[in-house]
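Residue-level structure breakdown
Each chain, letter by letter, is given below.
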Amino acid sequence: MNATDPYAGERLLLSPFHPRQQAYNLRDAWGAWNGYKFADHYYDAEYEYFCIRNQCGTYDICPMQKYEIRGRDAAAMLNRMVTRDVSRIGIDRVAYTVWCTDEGRVIDDGTIFRLAEDRFMLNCGSPCTAWLRQSAYGFADVEVRDVSDSLAGLSLQGPTSCAVLKRMGLTGIEQAKPFEIRHFPFAGTTLRVSRTGFTGDLGYELWIAREQALELWDALYAAGADYGIQPYGEAATNMARLEAGFIMPFMDFTEAFKTVRFEHDQTPFELGLGWLVDFDMPHFSGRAALLEERRRGPAWTLARLDIEGNWPADGSIVYDSEACRKDIGYVTSAMWSPAVKANIALAMLRSEHLRGPIWVEIYKSKDLRPYRRMARASLRKGPFWAPPRARQTPPSDH
Amino acid sequence: MQRYDAIIIGAGHNGLVCAARLARAGRRVLVLEAADQPGGLAARHEFHPGFRACPAHTAAHFSARIATDLGLSGGALPTAPRLVGLASDGAHVVVENGAVTGVGAEDADAFRELDALLDRFAATLEPFWGRTIPRIGGPRLADKLPFAQLGFALRRLGRERLHEFLRIAALPARDLLDERFEHPLLKATLGWDGLVGSRMAPRSPNGAVLAMLYRRGRQAWAPSKLIDALVATATSAGAELRTGTRVTRVLVEGAADGIAATGVELADGEQLRADSVVSSADPQTTFLRLVGVRHLDVGFTNRIRRLRAGGLVAKLHLALAEAPRFTGLDSPAGRLLTAPTMDAIEFAFDDAKYGGVAAQPVLEVAVPSLDDASLAPAGQHVLSAHVMYVPHALEGGWTDAARDAIAERAIDVLERHAPGLRRSIVAREFLAPPDIEARHGVAGGHWHHGDFAMDQLLMMRPTYDAAQYRTPLPGLWLCGAGCHPAGDLTGLAGDNAARELLR
């Protein structure tokens, strides 16, 4: 208890990087994520977006939920919980996955780091303690530990990110392939670097004990000074991830346990994540339901749309015709994409209408007056934007 | 290697009914029983040379339809055992053959009225205990039919009785009885069958009234004779019974379409294969111990884990040199209750909720050797008492001293109603819920493999995805008291399961 602040328990937590990030946050544009004070943007969202597309930027992932799962049964426990075959993740490798209810509905998505034969780290956007505990029940040797507050994470994304890490002295980091983990001695402890991120570009995530967070920040910003390093917030992340075709909880889907109406949740197939479901595994939670879903075909499909014109289609309803005869879905995320030079969107469409015409009803306000436009949209396959450098090893220095 | 169509885990009465039905349909059936005697909670156990007892001391409501179908012979009793509310001064209340004695005329009339009403309700529900209740929201007409039929059956009660049924269905036993009766002992006696075996007392809303309706009618047996008859009919139909054979796990193997139960492994490591593995063990034992969580979905596992299956009944078995003589009672026949008031039951429950045992536990007493002379040497008797409420997790833990103390309290209660009984005790056995759990392999030592409660009944027993006897693990079936309809020696769960297996 803080005697001088009667609201101490209600205040947002501060990230270990906060002292530095606060200095950058010229607009005081703070939001919150998992109870942490969190920047929506620091100066200007578009400026930050261009930093991560042209130079590099850092994004605070301390509020992300991080769980260490260890023990002889850790792999078996995770294998039953998630839809991918965890036994096929090599040591020091990362895999993106989802986990589902028994009914095959997505609870959350996240990444699994395999740190040793019997040691994993699971990262996800929302607290997952209850489901992890339920999933661990009945396994003799598995321990689930929430390390969200003790492990600091900083995402470094953009074309110059590898060069900055090399300048910082992380020798050999350029040899790390996508989804690979490397360890480096740093400030008397170990710095974990994974070649992962949420921007679709070249990028890394840096993991270190909370106590060494500021030392890491300072070393990184000293090394990055000539490479245009700049913190970016939620708004820029949201632009970058949409171009990459990544989905965001509470924008493109609602976590299964958090829908108000139970049928408003989604299956991996509906979210275009069917490739994460490994039916070669004889059993995992939700397998029977997902097998049935695959056989039947998903009722909905999260489609990537290229929409004519340049009016962003946020919140639009999607129709089968310009005359709006039948509504066939809704836009979940939309933007004018500077990198692709296109009006892009993710939209949840009824699968049976994917082959027919797609029209988006867009409203745009000009000086408070709403204007309406019906815009034709076409389906895009694959990510809107996927530069070769994102997968190149070693990456060029730019 | 011999391959079976079905391996049934557990030779309790439901396992035996299921085995008999499958064997009579031509299936090759093997029944595996860990104990040396078949019968599950109705298996006789010699607790003193020449004296045998089992946890279930009456079988008052076995399905007459199943008995007829299976040609059971050798022992249905002519009438259900009477229910006696013992008063220490001998002013007992006796409920027998649809009438009550020992109470005033108004209470006697009210009893006849309530008894007729409950009979009518029970008759309405009876067909539904004996059939599979489909899961709600199923796509097929067959999934909706039983609900429509139930609705129609209830509608046929007539408007007034339908309203009364809906009004009282979830009522605490106490509210129902206080509305209609004056005599405290009568109320305590009539409420008993709504509560016994579950985590409920007279003031608990939930399934008490439904339990009273479930425990009506059908056919009464001596449990020992019922088990003998079921073993005889199952084995003569070709089912193979192996006692003293403990199943340690259900074999689960990957199949083209996922995993499936393919057989069982025994304590000595022997593996036996079958197309269907049918467990009459309780759901927690079946899924959490014998199958293992890694073969089950997370949500399903969590629902099984959460089942309320902590037993609250201890057993006291007394070997008596002579028949007990209860003050003011002609014979010790029937089920004798030592609960003077509903409050006495409630207070005993209150103690147990917090890990304690009441200074004066309430008992249901029977003398099974009256109906089956083979249970005791000639002229001597076995007294069996259900002791309520005794928590599975006793505060301070279960020690021999704790067992002795509770047994002494129960004997004190008995002595008050049957002076001199203590002197005639040759030997005694006290089984706390953990002892019942260990001896009979039933989680929590719970008689009914889970409380008889509204959230654990019908298509929710033991939980959806396993309430139609089929389980999420292909090849694995349930046939025990943890399934619809529930516990007690009715045979209905085993019979329903067999019908599903034979579909």
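What counts, and where the lines are drawn
- Residues numbered from 1 in each chain as written.
- Chains lettered and ligands numbered in written order.
- Predicted model: local features only at pLDDT ≥ 70, side-chain atom pairs only at ≥ 80, totals over all residues.
- Heavy atoms only, no water.
- Helix = DSSP H or I, 4+ residues; strand = E, 2+ residues; numbered from the N terminus.
- Rg over C-alpha atoms; globule rule 2.2 N^0.38 Å.
- Buried < 20%, exposed > 50% of the residue type's maximum accessible area, 1.4 Å probe, protein only.
- Contact = heavy atoms within 4.5 Å.
- Areas by Shrake-Rupley, 256 points an atom, 1.4 Å probe, with all protein chains shown as cover.
- Lys, Arg positive; Asp, Glu negative; His and termini not counted.
- Charge placed at Lys NZ, Arg CZ, Asp CG, Glu CD.
- Expected span 1.5 Å × (residues − 1).
- Bend = angle between axes of the 7 residues up to and from the residue.
- Buried area = accessible area lost by both parts, 1.4 Å probe.
- Salt bridge = Lys/Arg side-chain N within 4 Å of Asp/Glu carboxyl O.
- Polar contact = N/O pair within 3.5 Å; in protein donor to acceptor, adjacent residues only side chain to side chain.
- Core = buried A, V, L, I, M, F, W, Y, C linked by side-chain atoms within 4.5 Å.
- Pairing = 2+ DSSP bridges.
- Axes fitted to C-alpha atoms, helices over the stretch in contact; angles between N-to-C directions.
- 1 Å grid on protein atoms, 1.4 Å probe; cavity = no way out; pocket = protein on both sides within 12 Å on 5 of 7 lines; lining within 4 Å.
- Points joined across faces, edges and corners; volume = space filled by probe spheres on them.
- Nonpolar A, V, L, I, M, F, W, Y, C, P; charged D, E, K, R; others polar.
- Parallel < 35°, antiparallel > 145°, perpendicular 65-115°, else oblique.
- Left-handed = near helix turned anticlockwise from the far one by under 90°.
- Phe/Tyr/Trp six-rings, centres within 6.5 Å; stacked < 30°, edge-to-face > 60°.
- Lys NZ or Arg CZ within 6 Å of the ring centre and 35° of its normal.
- pLDDT = per-residue confidence, 0-100.

Another aspect to go through is the overall build of chain A. In terms of helices and strands, chain A carries 8 helices and 19 strands. Compactness check: chain A gives a C-alpha radius of gyration of 22 Å against a globular reference of 21 Å for 398 residues, within 12% of the reference. Taking the principal axes of the C-alpha coordinates as reference, chain A spans close to 65 × 55 × 55 Å. For chain A, the proportion of its 398 residues judged to be buried stands at 57%. A separation of at least 24 residues holds for 68% of the contacts in chain A among residues at least 6 apart in sequence. Only carbon and sulfur atoms are counted for the fraction: they give 50% of the accessible area of chain A, which is about 17,600 Å². If the 47 positive side-chain charges of chain A are averaged to one point and the 51 negative ones to another, these points end up 4 Å apart.

Let us now look at helix α3 (residues 105-129) of chain B. For α3 of chain B, with 25 residues, the first-to-last C-alpha span of 34 Å sits near the 36 Å given by 1.5 Å per residue. The axis of α3 of chain B is deflected most strongly, by about 30 degrees, at A123 of chain B, and proline P127 of chain B appears within four residues downstream.

Taken residue by residue, the interface counts 17 residues in chain A and 17 residues in chain B. When chain A packs against chain B, the two sides together hide about 1,500 Å² of surface, and 54% of this comes from carbon and sulfur. Across the chain A-chain B interface, the total number found is 1 salt bridge. A salt bridge links R294 of chain B to D73 of chain A; its shortest N-O distance comes to 3.8 Å. Connecting chain A to chain B are 11 residue pairs in polar contact (both at pLDDT 80 or more). Broken down by element, the residue count for the side of chain A that touches chain B peaks at 3 residues, all from helix α4 (residues 129-136) of chain A.

Judged by nonpolar contacts, the single largest core of 152 residues is most densely connected at I69 of chain A together with Y389 of chain B. At 10 residues, the largest contribution of residues to this core is made by α3 of chain B. Residues in contact with I69 of chain A, not counting those within four places in the same chain, are A74, M77, L78, D118, R119, F120, L122, L132, V142, E143 and V144 of chain A. The next biggest cluster of nonpolar side chains, apart from the first, holds 46 residues, and it includes F253, F279, L290 and M335 of chain A.

Attention now moves to the environment of A493 of chain B. All names here are of chain B. With respect to the helices and strands, A493 occurs in helix α15 (residues 492-501). As for A493 and V264, which are separated by 229 residues in sequence, their C-alpha atoms are 22 Å apart. The contact partners of A493, leaving out residues within four places of it in the chain, are N14, Y469, C479, G480, C483, H484 and P485.

Our focus in this paragraph is the sheet that holds strand β16 (residues 327-337) of chain A. All names here are of chain A. Strand order in the closed barrel formed by 6 strands is β14-β17-β16-β15-β18-β19, and the pairing between neighbours is antiparallel. Each strand axis lies, on average, 40 degrees off the axis of its neighbour in the sheet, ignoring direction. Here β16 runs beside strand β17 (residues 342-350); their pairing, made up of 8 bridges, is antiparallel. Paired with V331 across the two strands is A347, which belongs to β17. The sheet strands contacting helix α7 (residues 234-244) are β16 and β17, and the helix crosses β16 at an angle near 115 degrees.

Now for the sheet that holds strand β4 (residues 65-70) of chain A. All names here are of chain A. Judged by pairing direction, the sheet is antiparallel, and its 5 strands sit side by side in the order β5-β6-β7-β4-β8 without closing on themselves. Looking at strand neighbours, the two that pair on one side only are β5 (93-100) and β8 (143-146), the edges of this open sheet. In this sheet, neighbouring strand axes are inclined to one another by 25 degrees on average, regardless of whether the strands run parallel or antiparallel. Note that β4 and strand β7 (residues 119-124) share 6 bridges and pair antiparallel.

What follows concerns empty space enclosed by the protein. Residues and elements named next belong to chain B. Inspection of every chain in the model, using the stated rule, returns 4 cavities of 30 Å³ or more. If you trace the largest cavity, you find it lined by R44, R52, A53, C54, A56, H57, A222, P223, S224, P368, L375 and V382. Among the secondary structure elements, those contributing two or more residues to the lining of the largest cavity are β4 (51-53) and α9 (223-236). Broken down by class, the residue content of the lining of the largest cavity amounts to 8 nonpolar, 2 polar and 2 charged. In this structure, the second largest cavity occupies an estimated 50 Å³ of space. H57, T58, A59, L77, P81, A220, W221, A222, P223, P368 and D371 are the residues that line the second largest cavity. When the residues that make up the lining of the second largest cavity are grouped by side-chain class, the tally is 8 nonpolar, 2 polar and 1 charged.

In this section: the packing of helix α2 (residues 45-54) of chain A against α7 of chain A. The axes of two packed helices give the description: the angle between them and the distance between them. Residue and element names in this part refer to chain A. Contact geometry for α2 and α7: axes closest at 8 Å, N-to-C directions at 50 degrees. Classified by the interaxial angle, the pair formed by α2 and α7 is oblique. Both α2 and α7 take part in a crossing whose hand is right-handed. When α2 is examined against α7, the residues A45, E46, E48, Y49, I52 and R53 are found in contact with a partner set consisting of A235, A236, M239, A240 and E243. Taken together, the residues of the contact of α2 with α7 break down into 7 nonpolar, no polar and 4 charged.

We now examine unusual backbone geometry. Residue Y389 of chain B is bonded to the preceding M388 of chain B through a cis peptide linkage, with omega at -10 degrees. Checked against the element boundaries, Y389 of chain B lands in the loop between β17 (381-388) and α13 (400-417). For the bond from R461 of chain B to P462 of chain B, the omega torsion is -5 degrees, close enough to zero to count as cis. Although it is not a glycine, F179 of chain A adopts a positive phi angle of roughly 70 degrees. Topologically, F179 of chain A is positioned in the loop between α5 (161-167) and β10 (181-186). Backbone geometry at K341 of chain A places phi at a positive 55 degrees, although glycine is not the residue there. As for its placement among the helices and strands, K341 of chain A is situated in the loop between β16 and β17.

With that out of the way, let us pick up helix α1 (residues 13-24) of chain B. Residues and elements named next belong to chain B. Under the 1.5 Å per step criterion, the end-to-end length of α1 is 16 Å for 12 residues, consistent within 8% with the ideal 16 Å. In terms of burial, α1 is largely enclosed, as 11 of its 12 residues are buried. Among all positions of α1, only H13, N14, G15, L16, V17, C18, A19, A20, R21, L22 and A23 are buried. Positive phi appears at G26, one or two residues downstream of α1, with a value of about 95 degrees.

A word on the packing of aromatic side chains. If you walk through the whole model with that rule in mind, you get 24 aromatic pairs over all chains. For the pair F279 of chain A and F284 of chain A, a centre-to-centre distance of 6.3 Å together with 40 degrees between the ring planes defines the contact as tilted. Like F279 of chain A, the residue F284 of chain A is buried in the burial classification. Summarising the aromatic geometry, the rings of W129 of chain B and F452 of chain B are spaced 6.4 Å apart at their centres and angled 55 degrees between planes, so their arrangement reads as tilted. In this pair, W129 of chain B sits in helix α3 while F452 of chain B sits in the loop between α14 (433-440) and β19 (476-478), placing the two residues 323 residues apart along the sequence. Through successive ring pairs, a cluster of aromatic residues spans F17, Y24, W217 and Y221 of chain A. The aromatic ring of W311 of chain A is capped on one face by R373 of chain A, whose charged end is 4.1 Å from the ring centroid.

Let's shift gears to the pattern of salt bridges. Applying the stated rule across the entire model yields 67 salt bridges over all chains. K166 of chain A is the salt-bridge partner of D397 of chain A, the closest N and O atoms lying 2.8 Å from each other. Of this pair, D397 of chain A sits in the segment after β19 (369-380) while K166 of chain A sits in helix α5, and the two are 231 residues apart along the sequence. K166 of chain A gets classed as partly exposed once you look at its relative accessible area, which sits at 30%. What you see here is one network of salt bridges that share partners, running through R21, R65, D69, D495 and R499 of chain B.

Further remarks concern the side chain of D5 of chain B. All names here are of chain B. The topology assignment puts D5 in strand β1 (residues 3-9). Taking the relative accessible area as the measure of exposure, D5 reaches 17% and is therefore buried. If we ignore the near neighbours within four places in the chain, the residues touching D5 are G26, R27, R28, A274, D275 and S276.

This part covers the confidence of the model for chain B. Confidence in the prediction for chain B averages 95 pLDDT; 100% of positions are at 70 or higher. Overall fold confidence for the complex sits at a pTM of 0.95, while the interface term, ipTM, reaches 0.94.

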